[in-house]
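Residues per chain, in single letters:
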Amino acid sequence: MTTRVTTTTTTTQLCMAELPSFETFARVVHIELDRVRGEEEQFLRSSTGLSSTMKDLGHTYGRKYFRFLLGDAIAALGGLHRNQILALAKDVVHRMVSSLDDHAPYRLRLSCAYILDEFHAAFPQSVRGSTIVVGGSIVLRIVCPAIIKPELIGLPPLAATALPNAILLAKLLQHSMRGTEFDMASDDLYFAKDFVAETKELFAGYLSAFPSTKKTGPIDSDCDDELLDTMVLTVDTRPTRRASTPTLESSPSPKRKFSFRKLFRKESSSSAPSPRKSHECRHCGRAL
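All values derive from a computational prediction rather than experimental measurement.

A. A look at the pattern of salt bridges. All told, the structure shown has six salt bridges when counted by the stated rule. Between Lys215 and Glu18 there is a salt bridge, with its nearest N and O atoms 3.1 Å apart. Remark: Glu18 occurs in helix 1 (residues 2-18) and Lys215 occurs in the loop between helix 10 (193-209) and helix 11 (225-235); sequence separation between them is 197 residues.

The following block contains the structure:
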């Protein structure tokens, strides 16, 4: 209990220093906690002041981060079949996990850390805090809407023919986030059972790690496009070889010079094992 109180105090102090209008933000969080009346599953389930605030924070501090995560996936959506969308969704999950510390905006992570601390103070027995808070703030309010309507994060709009695939991709990410168990006999998305089983732990790790008080990610609202492009292109200049796991080849986004095929290639290996690089997925070793 003492550790949690200390952590909450530290997070609050950092938020006061880093977040504009923090007092208003804190008040909105407490209003949401009062609104749910002790029912944790109702937290961030509807359009409220907090959900609007998190969307605003996401677009203020995270547009470049979400373009980085989703730009190539969105550009590749047209004309794909179901299995290719499953592969694309898996690549997105791996990219979310592997790029978190290097690219996620600090103020957005700090905001989630504060909300999660207050949520745990109100629901100390909850085991789903990260899914409810981060999933509700980041995945449901920003990531999935941006897949359906890329203009929200400054990307070109989808072609009408790509919209069904965009909806499917968003649904797959939501089910991975929740760890949905499908009934093979009755569920329309029965074919996603293996995908969810393979990615739900990765997604849970992302949700747990996203709230943070540590300054790690270089991408923020004051980071210009040239810096973002430099960071992305630096990743792709290393010698690579094809990964053993099949990945989806797609057309590059107009704002990117690499594809998902390049994204998950590994470096050529030598006879002696080398330590994991910071730009490799911490879970599977595939390179960003």
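That covers the picture; the talk isn't over yet.
B. Structural view of a nonpolar patch on the surface. Residues Ile148, Leu163 and Ile167 make up a contiguous nonpolar surface patch of about 200 Å² in total accessible area. Structurally, the position occupied by Leu163 is in helix 9 (residues 163-178).

C. View of the packing of helix 3 (residues 49-61) against helix 7 (residues 106-122). Packing of helix 3 against helix 7 leaves a shortest axis separation of 9 Å and a crossing angle of 155°. One way to sum up the angle between helix 3 and helix 7 is to call them roughly antiparallel. Each of Leu50, Met54, Leu57, Gly58 and Tyr61 in helix 3 lies in contact with helix 7, whose residues at this interface are Arg107, Leu108, Ser111, Cys112 and Ile115. Among the residues making up the contact of helix 3 with helix 7, the classes are represented as seven nonpolar, two polar and one charged.

D. Molecular detail of the confidence of the model for the protein chain. For the protein chain, per-residue confidence averages 80 on the pLDDT scale, and 72% of positions sit at 70 or higher. Across residues 221-276, confidence stays below pLDDT 50; counting only partners more than four residues off in sequence or on other chains, it has 100 contacts.

E. Looking closely at the packing of aromatic side chains. In this structure the tally under the stated criterion is nine aromatic pairs. Between Phe22 and Phe25, the ring centres sit 6.4 Å apart and the planes meet at 45°, which makes this aromatic pair tilted. Separated by three residues within a single helix, Phe22 and Phe25 lie in helix 2 (residues 22-36), roughly one turn from each other. Given the relative accessible area of 9%, Phe22 is considered buried. The exposure class assigned to Phe25 is buried, which follows from its relative accessible area of 6%. Ring-pair connections join several aromatic residues into one group, and the members of that group are Phe22, Phe25 and Tyr114. The cationic tip of Arg109 hangs over the ring face of Phe210; the distance from NZ or CZ to the ring centre is 5.9 Å.

F. Expanded view of the nonpolar core. Among the nonpolar cores identified, the biggest contains 75 residues, and Phe25, Phe43, Ile138, Tyr206 and Phe210 are the most heavily contacted of them. Sorting the residues of this core by element identifies helix 2, helix 3, helix 4 (63-75), helix 5 (82-98), helix 7, helix 8 (129-148), helix 9 and helix 10 as the ones contributing at least two each. Contacts of Ile138, omitting those with residues within four sequence positions, involve Phe66, Leu108, Cys112, Val143, Tyr206 and Phe210.

The rules we used
Residues numbered from 1 in each chain as written. Predicted model: local features only at pLDDT ≥ 70, side-chain atom pairs only at ≥ 80, totals over all residues. Heavy atoms only, no water. Salt bridge = Lys/Arg side-chain N within 4 Å of Asp/Glu carboxyl O. Helix = DSSP H or I, 4+ residues; strand = E, 2+ residues; numbered from the N terminus. Patch = residues over 30% accessible without salt bridge, like charges linked within 9 Å, V, L, I, M, F, W, Y side chains within 5 Å. Areas by Shrake-Rupley, 256 points an atom, 1.4 Å probe, with all protein chains shown as cover. Axes fitted to C-alpha atoms, helices over the stretch in contact; angles between N-to-C directions. Parallel < 35°, antiparallel > 145°, perpendicular 65-115°, else oblique. Contact = heavy atoms within 4.5 Å. Nonpolar A, V, L, I, M, F, W, Y, C, P; charged D, E, K, R; others polar. pLDDT = per-residue confidence, 0-100. Phe/Tyr/Trp six-rings, centres within 6.5 Å; stacked < 30°, edge-to-face > 60°. Buried < 20%, exposed > 50% of the residue type's maximum accessible area, 1.4 Å probe, protein only. Lys NZ or Arg CZ within 6 Å of the ring centre and 35° of its normal. Core = buried A, V, L, I, M, F, W, Y, C linked by side-chain atoms within 4.5 Å.

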